[in-house]
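Notes for the structure review
Residue-level listing of the chains:
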Amino acid sequence: MSFYWIKTNALIKKIFSNYVWDVSNSENKIYLTFDDGPTPEITEWVLEELKKHNAKATFFCIGNNIEKYPDVFEKVINEGHSIGNHTFNHLNGWKTATEDYLENTKLCEEEILKSNPSNSELAKQIYNLKSAIFRPPYGKIKLSQSKKLRQLGYKIIMWDVLSADFDTSISKEKCLDNVIKNTKSGSIIVFHDSVKAFANLEYSLPKALKYWAAKGFIFERLD
């Protein structure tokens, strides 16, 4: 498994200050995010867990998954969560030409807007192109790609806390510990509603939600 920070280094946040790493506030708000869906059953399970705590979250979706599972995507929208662009094919920006990366992002954007035509106004309201949110897969994006996307009106959303639920070499207890110990008011936290991450997610998310709720945290979506 490649090196990664559970808690994003403060120097990295300062160097890449054009990206959103956290959202400072005095109201004890935190921001749960879920990458790589929609995934049948798993995304729906996440929605049920969030509902138990009246929690809103942000789902950074892969366009190809939206195309394959429009009904699951519709459920995310209809339950009031926000949607972010995660490229159409989960591209690694460091290994992709900028023109190709932008085109793949556009394909995802088109999939988001054309999905759920019966509720297109709600989709457009949630996915407001003037303040569209984008998360680069793996957190890997070239400066040229970032510049172009920001010129198009995207906010590049990174994270303050990484659950590492995707890492099959860590225990489910470690995954829970990662988010419990490192989350504070304003934190953007990453989970994955994917098959690979589900063993860790299934254990850690309900316990983390219960813990945070008891601590008085408010679960907000990103826009």
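Up top is the structure these notes are about.
Given the structure is predicted, the values throughout are model-derived calculations rather than measurements. (Residues numbered from 1 in each chain as written. Predicted model: local features only at pLDDT ≥ 70, side-chain atom pairs only at ≥ 80, totals over all residues. Heavy atoms only, no water.)

**Thoughts on the overall build of the protein**
Looking only at helices and strands, one finds nine helices and eight strands in the protein. Relative to the compact-globule value of 17 Å for 223 residues, the protein shows a C-alpha radius of gyration of 16 Å, a close match. Counting only C-alpha atoms, the protein reaches 40 × 40 × 35 Å along its principal axes. Considering the protein as a whole, with its 223 residues, one finds that 50% of them fall into the buried category. Considering only contacts within the protein whose residues lie at least 6 apart along the sequence, 76% involve residues at least 24 apart. Element-wise, carbon and sulfur atoms account for 52% of the exposed surface of the protein, whose accessible area totals about 10600 Å². For the protein, the distance from the average position of its 30 positive side-chain charges to the average position of its 28 negative side-chain charges is 7 Å. (Helix = DSSP H or I, 4+ residues; strand = E, 2+ residues; numbered from the N terminus. Rg over C-alpha atoms; globule rule 2.2 N^0.38 Å. Buried < 20%, exposed > 50% of the residue type's maximum accessible area, 1.4 Å probe, protein only. Contact = heavy atoms within 4.5 Å. Areas by Shrake-Rupley, 256 points an atom, 1.4 Å probe, with all protein chains shown as cover. Lys, Arg positive; Asp, Glu negative; His and termini not counted. Charge placed at Lys NZ, Arg CZ, Asp CG, Glu CD.)

**Brief notes about the layout of surface pockets**
Put simply, the largest pocket is a space of about 950 Å³. Around the largest pocket, the lining comprises 31 residues; the ones closest to its centre are Tyr4, Tyr138, Gly139, Lys140 and Trp159. Partitioned by chemical class, the residues of the lining of the largest pocket number 19 nonpolar, eight polar and four charged. (1 Å grid on protein atoms, 1.4 Å probe; cavity = no way out; pocket = protein on both sides within 12 Å on 5 of 7 lines; lining within 4 Å. Points joined across faces, edges and corners; volume = space filled by probe spheres on them. Nonpolar A, V, L, I, M, F, W, Y, C, P; charged D, E, K, R; others polar.)

**Focus on the packing of helix 2 (residues 42–52) against helix 4 (residues 70–78)**
Here helix 2 crosses helix 4 at 15°, and the two axes come no closer than 10 Å. By the angle class used here, helix 2 and helix 4 are roughly parallel. The two elements helix 2 and helix 4 meet at a crossing, and its hand is left-handed. Facing helix 2, whose interface residues are Thr43, Glu44 and Leu47, helix 4 presents Val72, Lys75 and Val76. In terms of residue class, the contact of helix 2 with helix 4 is built from three nonpolar, one polar and two charged. (Axes fitted to C-alpha atoms, helices over the stretch in contact; angles between N-to-C directions. Parallel < 35°, antiparallel > 145°, perpendicular 65-115°, else oblique. Left-handed = near helix turned anticlockwise from the far one by under 90°.)

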